[in-house]
Protein chains: 2
Amino acid sequence: MTIENISCNKQFGGWHKQYTHQSDVLGCEMRFAIYLPPQIAMGEKVPVLYWLSGLTCTDENFMQKAGAQRIAAELGIAIVAPDTSPRGEGVADDPEGAYDFGLGAGFYVNATEAPWSRHYHMYDYVVNELPAIVEEHFPVNQERSISGHSMGGHGALMIALRNPARYHSASAFSPISNPSHCPWGQKAFTGYLGTDSNNWKQYDTTELIKQHQQAVPALVDQGDQDGFLEEQLKPEVLAAAAESVDYPLELRMQEGYDHSYYFIASFIEDHLRFHAQYLK
Amino acid sequence: MTIENISCNKQFGGWHKQYTHQSDVLGCEMRFAIYLPPQIAMGEKVPVLYWLSGLTCTDENFMQKAGAQRIAAELGIAIVAPDTSPRGEGVADDPEGAYDFGLGAGFYVNATEAPWSRHYHMYDYVVNELPAIVEEHFPVNQERSISGHSMGGHGALMIALRNPARYHSASAFSPISNPSHCPWGQKAFTGYLGTDSNNWKQYDTTELIKQHQQAVPALVDQGDQDGFLEEQLKPEVLAAAAESVDYPLELRMQEGYDHSYYFIASFIEDHLRFHAQYLK
């Protein structure tokens with residue numbers, strides 16, 4: 001698989017780079033960003049934290065706003081940020097251009113319903129194709145953790161729960177914790193997966209945690225002034241499910257914080273240090 | 001003077017807020033951002049670092065991308081980021097919508113040429129009107145420092161040199177160091193100030209440093225892979241002028257870094273700690 005470098009910026013002694021490549025899984029050209037910490041210059045192979053962004057985002061939001069590279073440089077961790085949906089000509093979008101379905105809103109599932117089933121396979125892309133590309137082209141090892149925000153927090157926890165052998169740890173900011181039971185999740189799952197809600201459970205963190213066989217340690221931060229908290233996010237439902245099965249998930253309610261990257265930036269250091277415990 | 005709060009995000013224990021207000025000096029409505037560190041909750045009055053952004057920016061670029069709030073929270077310093085030009089209906093813009101003149105490109109001068117002289121008084125706004133508003137409405141003291149990037153690096157150094165009693169320290173990333181002798185500066189100064197280059201010297205850092213009476217300690221960071229380095233920025237001319245008059249200006253050439261916020265984020269901590277030495 002070939003990839004094309006389209007930008008490079010030195011940062012904190014390491015390098016932020018963007019690449020494009022043809023995705024077989026998604027059937028379109030995709031862009032992703034990678035931060036490579038300074039340790040690679042000494043020939044070190046570094047572990048990778050995958051970051052899944054929320055609705056409307058691309059690979060750029062986290063890399064520009066979260067301030068994670070400072071700590072990644074210290075800890076010797078690469079960060080990979082994919083886009084949030086397939087893109088480009090021929091990729092279906094919501095006919096009304098909704099922000100919460102279609103482009104920018106892939107929800108990290110493999111769609112089964114037309115027309116979405118043609119391109120919207122973000123689950124396979126994030127779990128398999130993208131790590132294979134990253135591990136082929138960059139000086140990284142196969143130690144992986146995964147994190148994300150909102151829709152991407154759902155994606156990170158759900159993907160770790162389904163692939164405990166592939167990820168050492170998982171974390172999330174403001175995750176959509178029980179998508180089968182909130183408007184964002186119901187809209188997306190109905191569109192991508194159809195109306196039979198039995199097919200939604202394989203992508204619902206709260207459902208998956210109850211049935212887990214092998215645990216991936218998880219940290220969740222949630223602002224208590226987040227405008228989406230009660231209707232969409234429901235982290236208390238996830239925390240209760242985790243507690244009911246003794247799952248190692250810590251939910252931290254953060255007083256006064258909202259849903260923005262100002263919140264993420266405030267606590268990203270804790271998340272990187274959490275993952276570093278398991279990646280080393 | 002009244003101001004209207006339009007956003008508030010908790011960050012690093014403090015608060016990022018945006019305000020709009022009617023500017024008498026600029027004759028239009030303006031927006032600015034302020035970061036208030038957690039120390040104000042204990043009744044403390046904190047010093048202020050003013051940040052002047054570069055071409056095309058608003059109050060948002062620095063607040064979203066530089067990661068300065070983490071260190072400001074630790075040090076107990078407020079940060080104020082104004083816009084880069086007057087805005088709104090009736091404010092003249094470059095007829096061809098150039099990125100380096102007109103809206104988003106006020107160059108921190110008081111324009112004397114029509115039609116710019118009606119609104120483009122960013123020098124008076126940054127030096128006088130905005131600090132008066134900030135010191136009236138927020139729990140800050142009158143200890144001030146000033147920093148900026150590119151066009152805003154020019155603005156920060158030039159304003160500190162002209163107002164040594166108002167600022168304890170100045171710093172810049174990639175400043176336009178000698179605007180009278182580079183294409184960006186010549187275009188802006190010709191448009192705003194007219195063709196007589198004698199009128200440009202009052203806004204040219206390299207000219208001002210040679211004639212300074214009272215020094216404001218200054219730190220300048222410049223990436224050696226900055227695409228604008230040779231044609232537009234010329235920090236070596238500024239450093240030579242500073243050296244010729246024993247001015248306390250440190251120029252650090254940073255190997256491999258470019259003109260982006262990835263560069264600023266990498267070294268903003270040094271700048272805040274530099275200013276904190278003089279603000280306390």
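Residues numbered from 1 in each chain as written. Chains lettered and ligands numbered in written order. Predicted model: local features only at pLDDT ≥ 70, side-chain atom pairs only at ≥ 80, totals over all residues. Heavy atoms only, no water.

Caption draft 1: The overall build of chain A, seen in detail. Secondary structure assignment for chain A yields nine helices and nine strands. Scaling as 2.2 N^0.38, a compact globule of 280 residues should have a C-alpha radius of gyration of about 19 Å, and chain A matches this with 17 Å. Burial statistics for chain A: of 280 residues in total, 63% are counted as buried. If you take every contact in chain A between residues at least 6 apart in sequence, the share linking residues at least 24 apart comes to 73%. For chain A, the exposed surface amounts to about 10,200 Å²; the carbon and sulfur share of it is 45%. (Helix = DSSP H or I, 4+ residues; strand = E, 2+ residues; numbered from the N terminus. Rg over C-alpha atoms; globule rule 2.2 N^0.38 Å. Buried < 20%, exposed > 50% of the residue type's maximum accessible area, 1.4 Å probe, protein only. Contact = heavy atoms within 4.5 Å. Areas by Shrake-Rupley, 256 points an atom, 1.4 Å probe, with all protein chains shown as cover.)

Caption draft 2: Seen up close, the interface of chain A and chain B. Across the contact, 21 residues belong to chain A and 21 residues belong to chain B. Carbon and sulfur atoms supply 48% of the area buried between chain A and chain B, which totals about 1,900 Å² over both sides. On inspection of chain A and its partner chain B, the count reaches zero salt bridges. In this assembly, chain A and chain B are joined by 10 residue pairs in polar contact (both at pLDDT 80 or more). Only β1 (4–11), α1 (60–65), α2 (69–75) and α9 (261–279) of chain A provide two or more residues apiece to the side of chain A that touches chain B. (Buried area = accessible area lost by both parts, 1.4 Å probe. Salt bridge = Lys/Arg side-chain N within 4 Å of Asp/Glu carboxyl O. Polar contact = N/O pair within 3.5 Å; in protein donor to acceptor, adjacent residues only side chain to side chain.)

Caption draft 3: Examining the side chain of N9 of chain B more closely. Among the secondary structure elements, N9 of chain B is positioned in strand β1 (residues 3–11). Among the polar contacts listed, one links the side chain of N9 of chain B to the side chain of D258 of chain A, at a separation of 2.8 Å. Leave out the neighbours within four places in its chain, and N9 of chain B touches D258, S260 and Y262 of chain A together with G14, W15 and H16 of chain B.

Caption draft 4: Region of interest: the relation of the copies chain A and chain B. Once chain A has been moved 0.0 Å along the axis and rotated by 180°, it coincides with chain B to within an RMSD of 0.0 Å. Within this description, the copies of the chain are treated as partners about a two-fold rotation axis. When each C-alpha of chain A is compared by its distance to the rotation axis, K65 of chain A comes out closest, at 2.5 Å. (Least-squares fit on C-alpha atoms with pLDDT ≥ 70 in both.)

Caption draft 5: How the structure looks around the pattern of salt bridges. Residues and elements named next belong to chain A. Counted according to the given criterion, the structure contains 20 salt bridges over all chains. Taking the shortest distance from any N to any O, the salt bridge between R87 and D83 comes out at 2.8 Å. Residue classification places D83 among the buried residues on the basis of a relative accessible area of 6%. Among the salt bridges present, the one from R252 reaches D270, with a minimum N-O distance of 2.8 Å. On the criterion of sequence distance, the pair formed by R252 in strand β9 (residues 249–254) and D270 in helix α9 is long-range, its members being 18 residues apart. Look at the salt bridges and you will find they share partners, linking R70, E74, E269 and R273 into a network.

Caption draft 6: Spotlight on helix α8 (residues 235–244) of chain A. All names here are of chain A. Taken residue by residue, α8 has P235, L238, A241 and A242 as its buried positions. Across the axial projection of α8, the buried residues extend over an arc of 120°, all falling on one side. Projecting away from the buried face of α8 at angles above 90 degrees are the exposed residues E243 and S244. In this structure, the buried residues of α8 make contact with α4 (151–162), α6 (205–210), β8 (218–223), α7 (229–233) and β9. (Arc of directions from axis to C-beta.)

Caption draft 7: Inspection of the UniProt feature "active site" (unreviewed entry) in chain A at higher detail. All names here are of chain A. UniProt annotation of "active site" (unreviewed entry) refers to S150, D226 and H259 when read in the numbering used here. A maximum C-alpha distance of 10.8 Å is found for the annotated residues, which run over 110 residues; spatially they form one tight group. Counting through the fold element by element, D226 comes out in the loop between β8 and α7. Every residue in contact with D226, bar those within four places of it in the chain, is listed here: S174, L233, Y257, D258 and H259. (UniProt positions renumbered as here; feature names shortened; annotations may be inferred.)

Caption draft 8: Structural view of the packing of helix α3 (residues 122–137) of chain A against α4 of chain A. All names here are of chain A. One way to put it is that α3 packs onto α4 with a least axis distance of 11 Å and a crossing angle of 60°. Overall, the two elements α3 and α4 adopt an arrangement that is oblique. The handedness of the crossing between α3 and α4 comes out as right-handed. Contacts between α3 and α4 pair Y123, V126 and V127 from the former with M158, I159 and R162 from the latter. In terms of residue class, the contact of α3 with α4 is built from five nonpolar, no polar and one charged. (Axes fitted to C-alpha atoms, helices over the stretch in contact; angles between N-to-C directions. Parallel < 35°, antiparallel > 145°, perpendicular 65-115°, else oblique. Left-handed = near helix turned anticlockwise from the far one by under 90°. Nonpolar A, V, L, I, M, F, W, Y, C, P; charged D, E, K, R; others polar.)

Caption draft 9: Just the packing of aromatic side chains, in detail. In the structure shown here, the tally under the stated rule is 42 aromatic pairs over all chains. The ring of Y123 of chain A carries R162 of chain A above its face, with NZ or CZ at 4.2 Å from the centroid. (Phe/Tyr/Trp six-rings, centres within 6.5 Å; stacked < 30°, edge-to-face > 60°. Lys NZ or Arg CZ within 6 Å of the ring centre and 35° of its normal.)

Caption draft 10: Broad picture of the sheet that holds β9 of chain A. Read from one edge of the open sheet, nine strands run β1-β2-β3-β5-β4-β6-β7-β8-β9 (chain A), paired in mixed fashion. Only two strands of the sheet have a single partner each, and these edge strands are β1 and β9 of chain A. Strand-to-strand twist across the sheet, computed as the mean angle between neighbouring axes with direction ignored, equals 20°. Bridge analysis of strand β2 (residues 14–23) of chain A against strand β3 (residues 28–36) of chain A gives nine bridges, and the strand direction is antiparallel. If you follow Q22 of chain A over to β3 of chain A, its bridge partner there is E29 of chain A. Packed on one face of the sheet, helix α9 (residues 261–279) of chain B meets β1 and β2 of chain A and runs near 25° to β1 of chain A. (Pairing = 2+ DSSP bridges.)

Caption draft 11: Structural detail: helix α8 (residues 235–244) of chain B. Buried residues along α8 of chain B sit in contact with α4 (151–162), α6 (205–210), β8 (218–223), α7 (229–233) and β9 (249–254) of chain B. With its phi angle positive at about 55°, D246 of chain B sits one or two positions after the end of α8 of chain B.

Caption draft 12: Layout of the pairing of β8 of chain B. Residue and element names in this part refer to chain B. Within β8, six of the six residues are buried, leaving the element largely enclosed by the surrounding structure. What you see with β8 is no split at all: A218, V220 and Q222 on one side and L219, D221 and G223 on the other are buried throughout. Here strand β7 (residues 170–173) runs beside β8; their pairing, made up of four bridges, is parallel. Of the residues in β8, the one forming a bridge with F173 is D221. Taken together, the six bridges between β8 and β9 define a ladder with parallel strand orientation. Following the sheet pairing, Q222 is matched in β9 by M253.

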